[in-house]
Amino acid sequence: MSSNIIDEVKEYYGKTLTVTEDLATNACCTSAAPPIHIRKCIKNIHRDVISKYYGCGLCVPDAIEGLTVLDLGCGAGRDVYIAAQLVGKGGRVIGVDMTEEQIEVAKRTQDHHAEVFGYANTEFYLGQIENLSAIPELKPNSVDIIISNCVINLCPDKDAVLSDCFKLLKEGGELYFSDVYSSCRVPKILRDDKVLWGECISGALYWNDFINMAKRHGFLDPRLVEDSVITVENPVLEEKIATYCTSLKFFSATYRLFKISSLESHCEDYGQAVIYKGTIPRCEGEFTLDNHHVIQRGKVFPVCGNTWKMLFDTRFEKHFDFVGNFDIHYGIYDGCGTLIPFDSARSITNSSEGGSCC
């Protein structure tokens, strides 16, 4: 872990940036308007917290009432205070950030938000998200949902972040987060640029490195929820990026990573299906698990074994009826991007002749 990078990020978010308008690029901004229920939550948040919001995308999932939520890199606490309203009085929301100036704003406004919400359910801790185990209040297998908003890319040791997240989550819990990804690996000369790093650009993971890293730490089937192109919109920084790598592109994306020990490395077909009951608040007509699974209420929806488990072995179980089991395996699930590797398999439908194994 590079102490220089950590110190530079602290300086950038603690001293260089004082309000949202100080950002030099659009990497930490989103043009999409939040949903109505989120906008209502934001209206209840102190203006000092809003002015210091530097996140990208939206990283609060559905169906979190009564749960324990951990926000990594919470900054001044905007997403913590959104989540605090969604989990309600029976839930708990914890924020962790390494920047003293940001945490000071979050803590200073706790009483204000407790009065507005009618209950106190937030906690804030100063610490590095690469070393969550150093925060004694965070216990293994104690968190239902971990969220993070454009922060993991700022960490030099992303492996440590994902490893600790897996340990903290309960079985069936999930890491649901927005961040910045690149189309190829970022050149070292750009990674060493402290402005590009602080702006959530040069610390971005190559998307396929992220997928492999997530699987290595136990999140065996990462699911992409949504994404958009980042255009930077700063001519000086755009030219610098293009000078060293013309093919380098950046994307803001939201992923969900479930901690389910029985997930398989690929989508396998067991002939299963689910039927959505339409009971998740604000998702009565359809529920979006990820960008390939938009499940309409009342319709029989065929799924692979992993998707079945993401709905059956999590907080979503009560919202679905389930068809089938794991007794019979029919091979790789059609349409999930993985095909049988044998060339001879492609000619089976055209020929009835078989072959010997010797």
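Analysis parameters
Residues numbered from 1 in each chain as written. Predicted model: local features only at pLDDT ≥ 70, side-chain atom pairs only at ≥ 80, totals over all residues. Heavy atoms only, no water. Salt bridge = Lys/Arg side-chain N within 4 Å of Asp/Glu carboxyl O. Axes fitted to C-alpha atoms, helices over the stretch in contact; angles between N-to-C directions. Helix = DSSP H or I, 4+ residues; strand = E, 2+ residues; numbered from the N terminus. Parallel < 35°, antiparallel > 145°, perpendicular 65-115°, else oblique. Left-handed = near helix turned anticlockwise from the far one by under 90°. Contact = heavy atoms within 4.5 Å. Nonpolar A, V, L, I, M, F, W, Y, C, P; charged D, E, K, R; others polar. Core = buried A, V, L, I, M, F, W, Y, C linked by side-chain atoms within 4.5 Å. Buried < 20%, exposed > 50% of the residue type's maximum accessible area, 1.4 Å probe, protein only. Pairing = 2+ DSSP bridges.

**Q** I would appreciate a short explanation of the pattern of salt bridges in the present structure.
**A** Side chains bearing opposite charge may pair, as long as their charged atoms lie close to each other. One pass over the full model with this rule turns up 14 salt bridges. One connected set of salt bridges, linked through shared partners, spans Asp48, Glu104 and Arg108.

**Q** Help me understand the packing of helix 4 (residues 78–87) against helix 6 (residues 110–117), please; the structure alone is not making it clear to me.
**A** Describing two packed helices takes the angle between their axes plus the distance from one axis to the other. Where helix 4 contacts helix 6, the two axes come as close as 11 Å, and the packing angle between them is 30°. As far as their axial angle goes, helix 6 and helix 4 are roughly parallel. Here the hand of the crossing between helix 4 and helix 6 comes out right-handed. Together, Tyr81, Ala84 and Gln85 of helix 4 and Gln110, His113 and Phe117 of helix 6 make up the contact between the two elements. Counted by class, the contact of helix 4 with helix 6 contains 3 nonpolar, 3 polar and no charged residues.

**Q** Which parts of the structure should I look at to understand the nonpolar core?
**A** A general tendency of soluble globular proteins is for nonpolar side chains to be buried together. Of all hydrophobic cores here, the largest spans 31 residues; its most connected members are Leu70, Ile129, Ile146, Phe210 and Leu257. Counting residues per element, the ones that place at least two in this core are strand 1 (68–72), strand 2 (92–97), strand 4 (143–149), helix 7 (158–168), strand 5 (169–182), helix 10 (207–216) and strand 8 (250–258). With near-sequence residues (within four places) excluded, Ile129 lies in contact with Leu72, Gly73, Val96, Val151, Ile152, Cys155 and Val161. Counting residues in hydrophobic clusters, the runner-up holds 30 residues, among them Ile38, Cys41, Val80 and Ala106.

**Q** Quick question: what am I supposed to make of the sheet that holds strand 12 (residues 300–303) here?
**A** Sheets are built from strands that pair by backbone hydrogen bonding, the pairs being arranged parallel or antiparallel. Read from one edge of the open sheet, 3 strands run 12-9-13, paired in antiparallel fashion. One side of each edge strand has no neighbouring strand; the edge strands of this open sheet are strand 12 and strand 13 (320–323). Across the sheet, the axes of successive neighbouring strands diverge by a mean angle of 30°, strand direction being ignored. As paired strands, strand 9 (residues 272–276) and strand 13 are joined by 4 bridges and run antiparallel to one another. Its bridge partner lying in strand 13, Ala273 is registered against Val323.

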